[in-house]
Amino acid sequence: MAGLTGATYPRPMGRATRSTREDWVVAAYKAAGRGGVDAIAIEPLAAELGVSKGGFYYRFAAREELIAATLDHWSAEARRLMQRCATIADPVEQLRTFLGLAMRDEQLRRVDAWFFLHTSTHPLVRPVARQAAAENVAWFASVLASTGIADQNAARRARVCWSAYLGMVAELMASDDPAVDSEVTEMADLLVELIVAPGEPAPQLPPRQTPTQTPTQTPTQTPTQPPTPDTSKMIDPQPTPGGP
């Protein structure tokens, strides 16, 4: 079996158990929302599912295979949300609905926070997270371009939108204030309003000039003449005694 990570695992042979492969993946996905990759541990998940560790090894060859399957499940959740919003005719409403649903889905936003922000350097998480981020930004750019925004500008705004989404996800995860959670829809609406707002075209700056080196010239100095003494203010010397 191969996941988005590219790793291939042999299917183990053995007796079937009460838990299905999907049961393990869903349980691991929920655990990832509580603690990222570290929370995807066999024994706690087996206890949660009410099965023995042997049930896990019938479905998976190793913990890494479960992590890969969980990452596949996570990526598929975002794609399903995109497909759901793609049926909306108004592109602005598409973006608003996507952000609102993504931020109101506590499980998805928690997994997003863990996989995109906290454990994105994990060797199994990193390639999947990068691919998922690229897919999200590309989808945002496509929706923004549908509003009439030029492609290049839409791509820039899409990256800003994605960064803002991750920032809001981090705030929601770190905050214990129920009022913040209740403001999710308002936050999504404000973000969309800012992202799709028409802006003044950027000024066209002249090309930067590369300074050229010119030989240093030593200025010609004119000799300074000593000042002419003011004889009117000079004191006459005293006559020498015995002189004429």
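See the structure shown above.
Quick summary incoming for the structure in this document. Remember, predicted model here, so these are calculated numbers, not experimental data.

1. Here we look at the overall build of the protein chain
Regarding its fold elements, the protein chain presents 10 helices and zero strands. The N-to-C order of helical and strand elements in the protein chain reads α-α-α-α-α-α-α-α-α-α. Considering the protein chain as a whole, with its 244 residues, one finds that 36% of them fall into the buried category. For the protein chain, restricting intrachain contacts to residue pairs at least 6 apart in sequence, the fraction spanning at least 24 positions comes to 69%. With the model as given, the accessible surface of the protein chain reaches about 15500 Å², and the carbon-plus-sulfur share is 55%.

2. Quick word on the packing of aromatic side chains
Applying the stated rule across the entire model yields 11 aromatic pairs. Ring plane angle 85 degrees and centroid distance 5.0 Å describe the contact between F116 and W162, whose orientation is recorded as edge-to-face. One end of the pair, F116, is in helix α6 (residues 106–118); the other, W162, is in helix α8 (residues 151–174), with 46 residues separating them in the sequence. Of the two residues, F116 and W162, both sit in the buried class.

3. Thoughts on the nonpolar core
One finds L66, W74, L95, L99 and F140 to be the most contacted residues of the largest nonpolar core, which totals 62 residues. Secondary structure elements with two or more residues in this core: α1 (21–35), α2 (42–49), α4 (63–86), α5 (91–104), α6, α7 (125–146), α8 and α10 (184–196). Per-element tally for this core: the top contributor is α7, with 11 residues. With residues up to four places along the chain from it excluded, the contact list for L66 reads W24, V25, A28, I40, L45, F56 and F60.

4. Describing empty space enclosed by the protein
Summed over the entire model, instances satisfying the criterion amount to one cavity of 30 Å³ or more. Estimates place the volume of the largest cavity at around 110 Å³. Taken together, 15 residues form the lining of the largest cavity, with W74, A78, D112, F116 and N136 sitting closest to its centre. Looking at the lining of the largest cavity, the elements that each hand over two or more residues are α4, α5, α6, α7 and α8. Here the element with the most residues in the lining of the largest cavity is α4; it accounts for five residues.

5. Some thoughts on the pattern of salt bridges
For the structure on display, the rule yields eight salt bridges. Note that R34 and E48 form a salt bridge whose closest N and O atoms lie 3.5 Å from each other. In this pair, R34 sits in helix α1 while E48 sits in helix α2, placing the two residues 14 residues apart along the sequence. Linking R80 and E77 is a salt bridge whose minimum nitrogen-to-oxygen distance equals 2.2 Å. Here R80 and its partner E77 are both found in helix α4, three residues apart, which amounts to about one turn of the helix. Among the residues examined, R80 registers a relative accessible area of 43% and is labelled partly exposed. For E77, a relative accessible area of 22% gives the class partly exposed. Taken together, the shared-partner salt bridges connect E93, R96 and D189 into one network.

Cut-offs and rules
Residues numbered from 1 in each chain as written. Predicted model: local features only at pLDDT ≥ 70, side-chain atom pairs only at ≥ 80, totals over all residues. Heavy atoms only, no water. Helix = DSSP H or I, 4+ residues; strand = E, 2+ residues; numbered from the N terminus. Buried < 20%, exposed > 50% of the residue type's maximum accessible area, 1.4 Å probe, protein only. Contact = heavy atoms within 4.5 Å. Areas by Shrake-Rupley, 256 points an atom, 1.4 Å probe, with all protein chains shown as cover. Phe/Tyr/Trp six-rings, centres within 6.5 Å; stacked < 30°, edge-to-face > 60°. Core = buried A, V, L, I, M, F, W, Y, C linked by side-chain atoms within 4.5 Å. 1 Å grid on protein atoms, 1.4 Å probe; cavity = no way out; pocket = protein on both sides within 12 Å on 5 of 7 lines; lining within 4 Å. Points joined across faces, edges and corners; volume = space filled by probe spheres on them. Salt bridge = Lys/Arg side-chain N within 4 Å of Asp/Glu carboxyl O.

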